[in-house]
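Architecture at a glance
Chain residues, written in single-letter form:
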Number of protein chains: 2
Amino acid sequence: MKNDYYFHGSDLEEIQAKYNVKAEDITNFAANVNPLGISPKLRKELSNNLDIITSYPDREYTNLKNAISEYASTNVENILVGNGTSELISSFIRYISPKKAVIIGPTYSEYEHEVSKTGGKAYYLPLYEDDDFKLNIDYLLNKLDKSTDMLIVCNPNNPTSSCIDLVTMRHILDACKENHIYVLIDETYIEFVNAIEAYSAVSLSQFYSNVIILRSTSKFFACPGLRLGYAITGNPDLIAQINRTSKPWMINSIASEAGQIMFRDKDYIDKTIKLINKERDYCYNAFLELDGFKPYKPFANFMLVKINKKNLTSNDVFENAIKKGMLIRDCSTFPFLTSEYFRFCFMKHEENVKLIDCI
Amino acid sequence: MKNDYYFHGSDLEEIQAKYNVKAEDITNFAANVNPLGISPKLRKELSNNLDIITSYPDREYTNLKNAISEYASTNVENILVGNGTSELISSFIRYISPKKAVIIGPTYSEYEHEVSKTGGKAYYLPLYEDDDFKLNIDYLLNKLDKSTDMLIVCNPNNPTSSCIDLVTMRHILDACKENHIYVLIDETYIEFVNAIEAYSAVSLSQFYSNVIILRSTSKFFACPGLRLGYAITGNPDLIAQINRTSKPWMINSIASEAGQIMFRDKDYIDKTIKLINKERDYCYNAFLELDGFKPYKPFANFMLVKINKKNLTSNDVFENAIKKGMLIRDCSTFPFLTSEYFRFCFMKHEENVKLIDCI
């Protein structure tokens with residue numbers, strides 16, 4: 001099933017109509033979703049256990065939180081579950097209600113959108129092409145002061161695929177703690193990173209009460225339709241406050257059951273990491289050798305590429321690819337990016353070969 | 001699967017421990033859930049189609065709303081879907097944010113709870129035992145004036161199982177319209193009513209812009225774990241306002257898919273109505289003949305009973321039943337009710353016979 005991860009619903013229909021390709025024939029390099037699809041174990045166990053919908057979910061989601069706790073190496077009481085990461089982003093931003101939020105960008109547009117919904121103002125701290133879109137930590141630390149209420153970081157970052165390591169993150173958290181700044185770290189893509197323990201901030205949540213880490217199952221576990229996200233924070237007050245305004249049941253019984261299966265599915269997790277590590281290396285090296293393109297070193301399961309050819313735009317690349325049934329992401333709509341940039345995620349080997357051949 | 005519909009999670013564990021009965025041996029007469037369980041067709045089609053979780057739900061839920069529209073005989077644009085009725089109750093009460101809400105009671109406690117969460121005050125308009133808990137329409141109309149912002153009615157009402165017919169509802173809506181009062185009608189149990197067309201307010205939603213009707217799949221379709229509820233209102237502004245504050249995806253792909261199957265599952269719907277009609281008559285007549293108990297005429301899939309025996313309380317009846325593996329609802333905690341009242345829902349025939357024998 002290859003489908004409308006990024007171009008939700010009507011968008012994909014537009015693409016089908018415009019380029020005369022069928023949805024089922026499209027390989028989606030734009031969705032950043034694990035190309036393995038959902039694990040056979042998950043499919044089998046869920047289908048054998050569908051009668052769980054006859055029971056209300058446990059209001060505390062105890063079994064689910066236990067599974068997350070083992071998987072993410074954190075305490076059960078540090079975990080909040082939510083109807084997708086989008087709900088959690090919204091809940092935390094609404095609760096903190098920052099007058100001034102600093103967002104490291106270019107990045108996912110939803111953070112800015114939510115900040116403005118609460119009446120706050122979002123300021124982008126730009127990552128520069130001159131730095132290959134890597135964070136300049138001194139520049140960031142200089143910008144943080146008591147006027148800022150919240151810092152939002154996507155790590156690894158979408159669409160740059162750059163990643164902040166744990167040592168650097170500690171510096172950021174120290175500066176934010178000193179200035180009473182909440183830090184929201186969206187780790188939607190962190191499980192794809194090679195050596196997660198050197199990058200994920202989960203281990204720091206026990207030392208910093210100002211940090212909230214968000215995780216998703218949509219991308220790594222290939223199930224955006226399940227709407228299962230979770231947050232990790234070592235701040236019990238924050239958890240209590242968000243819980244107080246939450247619905248009695250944030251996620252349904254099937255999402256709760258699915259989580260318990262997937263977080264313990266070591267075989268699927270290992271296979272995914274192995275595949276992505278291999279294909280990331282393959283694609284990065286292939287683009288290093290391609291004339292007229294500059295790939296930025298990817299940490300997540302996707303890569304940002306700059307076009308260095310006159311008269312070739314990201315829309316051209318997009319159109320060439322979609323005509324051959326491959327959907328990539330034209331990045332010209334991201335703040336700070338232009339029609340020189342596109343992004344694609346790593347699919348199965350033969351699909352990646354096909355994409356690179358086409359470019 | 002007989003389980004913790006009413007006594008969520010830990011409560012059922014308490015009951016197991018206190019009365020030394022295993023959860024799987026308990027027949028749940030307290031949950032008001034369709035005793036047929038989920039339909040075999042739903043189970044089969046869902047389990048064959050679990051890969052829908054690899055796709056984001058359609059943001060507009062077009063196919064789901066089409067199915068609801070046919071099922072509930074209303075226009076697609078009048079429909080809102082939500083993560084269970086509890087989310088919709090919360091969303092509408094928050095949006096209307098009534099300073100003064102009138103609730104016809106005794107009823108489900110969640111309405112009052114949500115009103116007080118928004119800072120409003122809830123006033124119960126009591127149903128009287130002298131009227132067999134039927135609504136006194138003149139009394140209600142007398143109480144409604146411009147100081148009221150919202151009227152909340154559960155129809156059929158839980159726990160009385162009484163039901164307001166369409167002619168009476170029209171009088172209520174006229175009075176409310178005149179006084180600028182929003183009316184929230186929770187029709188969670190309406191599909192169990194014999195001759196739904198004479199009781200459901202859906203047909204009135206085209207004439208009254210002040211009415212919101214809530215429907216659930218938890219009880220009639222036996223799937224509280226799915227968290228699939230919907231609202232019907234003929235007021236487009238209200239829909240637009242609620243949509244604006246909603247998450248991008250209110251329910252997950254599986255709930256969306258399940259809805260499309262269940263609302264068209266005529267066989268299951270017919271079987272349920274037939275079973276409940278039969279068992280409602282059977283139980284009501286059996287209690288009419290029982291000495292020392294007064295049943296109130298039930299319209300939904302459950303019945304309220306008054307104990308007219310000295311030295312017998314609802315807790316005694318509860319304890320007698322649970323020791324034999326039957327969980328009923330002691331109604332002493334409902335406002336306006338006392339330890340003379342209990343409620344039970346209609347299960348399969350042999351189970352109902354067993355319950356009546358025990359009482």
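Since the structure is predicted, the reported quantities are computational estimates derived from the model, not experimental observations. (Residues numbered from 1 in each chain as written. Chains lettered and ligands numbered in written order. Predicted model: local features only at pLDDT ≥ 70, side-chain atom pairs only at ≥ 80, totals over all residues. Heavy atoms only, no water.)

1. Comments concerning the overall build of chain A
Heads up, the condition is: Working definition: helices are DSSP H or I runs of at least four residues, strands are E runs of at least two. Numbering for both runs from the N terminus. Throughout, the radius of gyration refers to the C-alpha atoms, and the reference size of a globule is 2.2 Å times the residue count to the power 0.38. In this scheme, a residue with accessible area under 20% of its type's maximum is buried, one over 50% is exposed, and one in between is partly exposed, where area comes from a 1.4 Å probe on protein chains only. Any two residues whose heavy atoms approach within 4.5 Å at even a single point are treated as in contact.
Secondary structure assignment for chain A yields 12 helices and 13 strands. Against the globule reference of 21 Å for 359 residues, chain A gives a C-alpha radius of gyration of 20 Å, in line with a compact fold. Reported as C-alpha extents along the three principal axes, the dimensions of chain A are approximately 55 × 55 × 35 Å. In chain A, buried positions account for 60% of the 359 residues. Of the contacts formed within chain A by residues at least 6 apart in sequence, a portion of 72% connects residues at least 24 apart.

2. Remarks on helix H3 (residues 62-72) of chain A
All names here are of chain A. When H3 is considered as a whole, its buried residues turn out to be Leu-64, Lys-65, Ala-67, Ile-68, Ser-69, Tyr-71 and Ala-72. Its buried side turned inward, H3 meets strand S2 (79-82), strand S7 (211-216), strand S8 (229-232), helix H9 (253-262) and helix H10 (266-289). Taken from the residues just after H3, Ser-73 is the one with a positive phi, measuring 55°.

3. A few points about the side chain of Glu-187 of chain A
Relative to the elements of secondary structure, Glu-187 of chain A occurs in the loop between strand S6 (182-186) and S7. Residue contacts for Glu-187 of chain A: discarding those within four places in its chain leaves Asn-155, Tyr-199, Ser-200, Ala-201, Val-202, Ile-213, Leu-214 and Arg-215 of chain A.

4. Description of a negative patch on the surface
Note the threshold: Nonpolar side chains (Val, Leu, Ile, Met, Phe, Trp, Tyr) are joined into patches within 5 Å and like charges within 9 Å, using only residues with over 30% relative accessible area and no salt bridge. Accessibility throughout is a Shrake-Rupley quantity obtained with a 1.4 Å probe, and a residue counts as covered only by protein chains that appear here. Take a side-chain nitrogen of Lys or Arg and a carboxyl oxygen of Asp or Glu: if they are within 4 Å of each other, that pair is a salt bridge. In this count, Lys and Arg are taken as positive residues and Asp and Glu as negative ones, while His and the chain termini are left out. In this description, the location of a charge corresponds to atom NZ of lysine, CZ of arginine, CG of aspartate or CD of glutamate.
Taken together, Glu-13 and Glu-14 of chain A together with Asp-58 and Glu-60 of chain B make up a surface patch of like negative charges. Residue position: Asp-58 of chain B is located in the loop between helix H2 (40-47) and helix H3 (62-72). Under the relative-accessibility criterion, Asp-58 of chain B is labelled partly exposed at 30%.

5. Side note on the relation of the copies chain B and chain A
Rules: Fitting of the copies onto one another was done by least squares over C-alpha atoms, counting residues only where both copies have pLDDT of at least 70.
Expressed as a screw operation, the relation of chain B to chain A combines 0.0 Å of axial shift with a rotation of 180°, fitting to an RMSD of 0.0 Å. Look at the turn and shift together and you get a two-fold axis relating the two. Proximity to the rotation axis, assessed at the C-alpha, singles out Ser-47 of chain B in chain B; its C-alpha lies 2.3 Å from the axis. Looking at chain B, 100% of its interface residues are interface residues in chain A too, so the copies touch through the same face.

6. Topic: the pattern of salt bridges
According to the stated counting rule, one finds 19 salt bridges over all chains in the structure shown. Note that Asp-132 of chain B and Lys-294 of chain B form a salt bridge whose closest N and O atoms lie 2.8 Å from each other. Of this pair, Asp-132 of chain B sits in the loop between strand S4 (121-126) and helix H6 (137-143) while Lys-294 of chain B is found in strand S9 (residues 293-295), placing the two residues 162 residues apart along the sequence. The class of Asp-132 of chain B is partly exposed, set by a relative accessible area of 33%. When its relative accessible area of 25% is taken as the criterion, Lys-294 of chain B is described as partly exposed. Linked through salt bridges whose partners overlap, the residues forming this network are Glu-129, Asp-132, Lys-294 and Lys-306 of chain A.

7. Structural notes on the packing of helix H4 (residues 84-96) of chain B against helix H8 (residues 236-245) of chain B
A pair of packed helices can be characterised by two numbers: the angle between their axes and the separation between those axes. Residues and elements named next belong to chain B. Filter applied, for reference: The axes are straight lines fitted to the C-alpha atoms, using for helices just the contacting stretch, and the angles between their N-to-C directions are given from 0 to 180°. An angle counts as roughly parallel when it lies under 35 degrees, as roughly antiparallel when it exceeds 145, as roughly perpendicular when it falls between 65 and 115, and as oblique in every other case. Three categories are distinguished: nonpolar for Ala, Val, Leu, Ile, Met, Phe, Trp, Tyr, Cys and Pro, charged for Asp, Glu, Lys and Arg, and polar for the others, with Gly belonging to the last.
The N-to-C vectors of H4 and H8 enclose an angle of 105°; their axes lie 11 Å apart at closest approach. One way to sum up the angle between H4 and H8 is to call them roughly perpendicular. Packed against H4, whose contacting residues are Ser-91, Phe-92 and Tyr-95, the element H8 presents Leu-238, Gln-241 and Ile-242 at the interface. When the residues that make up the contact of H4 with H8 are grouped by side-chain class, the tally is four nonpolar, two polar and no charged.

8. Describing the domain arrangement of chain A
All names here are of chain A. Selection criterion: Note that the domain bounds reflect an automated or database-derived domain assignment. Buried area is calculated as the accessible area (1.4 Å probe) missing from two parts once they are joined, with the contributions of both summed.
Annotation of chain A at the domain level lists domain 1 (10-31 + 267-358) and domain 2 (41-264). Each of domain 1 and domain 2 has a C-alpha centre, and these two points are 25 Å apart. In this complex, domain 1 contributes 26 residues to the contact, which on the side of domain 2 involves 30 residues. Of the roughly 2,200 Å² buried between domain 1 and domain 2 on both sides combined, carbon and sulfur atoms contribute 65%.

9. Observations concerning the interface of chain B and chain A
For clarity, the threshold we go by: Two N or O atoms count as a polar contact when they lie within 3.5 Å, although within protein this holds only if one can serve as hydrogen donor and the other as acceptor, and sequence-adjacent residues are included solely when both atoms are side-chain atoms.
Taken together, the contacts link 44 residues of chain B with 44 residues of chain A. The interface formed by chain B and chain A includes two salt bridges. Linking Arg-43 of chain B and Asp-51 of chain A is a salt bridge whose minimum nitrogen-to-oxygen distance equals 2.5 Å. The tally of links between chain B and chain A comes to 15 residue pairs in polar contact (both at pLDDT 80 or more). At the level of elements, H2, H4, H8 and helix H9 (253-262) of chain B are the ones that each hand at least two residues to the side of chain B that touches chain A. When residues in the side of chain B that touches chain A are grouped by element, the largest group, four residues, is from H2 of chain B. When its residues are assigned to classes, the side of chain B that touches chain A shows 20 nonpolar, 13 polar and 11 charged.

10. Overview of the confidence of the model for chain A
Under the convention used in this document: The predictor reports its confidence for every residue as pLDDT, a score running from 0 up to 100.
This prediction gives chain A a mean pLDDT of 94; 97% of its residues lie at or above 70. The low-confidence segment residues 1-10 of chain A (pLDDT under 50) makes 35 contacts with residues lying over four places distant or belonging to another chain.

11. Comments concerning the packing of aromatic side chains
Residue and element names in this part refer to chain A. Condition: Stacked, tilted and edge-to-face pairs are distinguished by plane angle, under 30 degrees for stacked and over 60 for edge-to-face with tilted covering the rest, among Phe, Tyr and Trp rings (Trp via its six-membered ring) whose centres lie within 6.5 Å.
Taken as a whole and judged by the stated rule, the model has 46 aromatic pairs over all chains. Each ring, one from Phe-344 and one from Phe-346, has its centre 5.9 Å from the other, and the planes form 85°; the classification is edge-to-face. Take Phe-344: its relative accessible area is 1%, and that puts it in the buried class. Given a relative accessible area of 0%, Phe-346 falls into the buried group.

12. So, the pairing of strand S3 (residues 100-105) of chain B
All names here are of chain B. Quick reminder of the rule: The pairing criterion is simple: DSSP has to find at least two bridges between the two strands. The path from the first strand over the helix to the second decides the hand: if it runs clockwise while the strands point away from the viewer, the crossover is right-handed.
Across the six residues of S3, five count as buried, placing the element largely inside the fold. Here S3 pairs with S4 via six bridges, running parallel. Within S4, the residue paired with Ile-104 across the bridge is Leu-125. Regarding the hand of the β-α-β motif, the stretch spanning S3, helix H5 (residues 110-117) and S4 is right-handed.

13. Some words on the sheet that holds strand S7 (residues 211-216) of chain B
Residues and elements named next belong to chain B. Strands sit in the order S2-S8-S7-S6-S5-S3-S4 across an open sheet of seven strands; the sheet is mixed. Each edge of the sheet is formed by a strand with only one pairing partner; in this case those strands are strand S2 (79-82) and S4. The sheet shows a mean angle of 20° between the axes of neighbouring strands, taken without regard to direction. Of the pairings in the sheet, the one linking S3 to strand S5 (residues 150-154) comprises three bridges and is parallel in character. The partner of Ile-103 across the bridge, within S5, is Ile-152.

14. Overview of the sheet that holds strand S10 (residues 302-307) of chain B
All names here are of chain B. Pairing is antiparallel in the open sheet, where four strands are placed in the order S9-S10-S13-S12. The open sheet has two edge strands, S9 and strand S12 (329-330), and neither has a second partner. As paired strands, S10 and strand S13 (residues 341-345) are joined by five bridges and run antiparallel to one another. Within the sheet, the bridge partner assigned to Lys-306 lies in S13 and is Tyr-341.

15. Overview of the packing of H4 of chain B against H5 of chain B
Residue and element names in this part refer to chain B. This is how it is decided: Two helices cross in a left-handed way if the nearer one is turned anticlockwise from the farther one by less than a right angle. They cross in a right-handed way if the turn is clockwise.
In the contact formed by H4 and H5, the axes pass within 9 Å of each other and the chain directions differ by 40°. The angle between H4 and H5 falls in the class oblique. At the point where H4 passes H5, the crossing takes the right-handed sense. Judged by residue contacts, Ile-89, Ser-90 and Ile-93 of H4 engage Tyr-111, Glu-114 and Val-115 from H5. Its residues assigned to classes, the contact of H4 with H5 shows four nonpolar, one polar and one charged.

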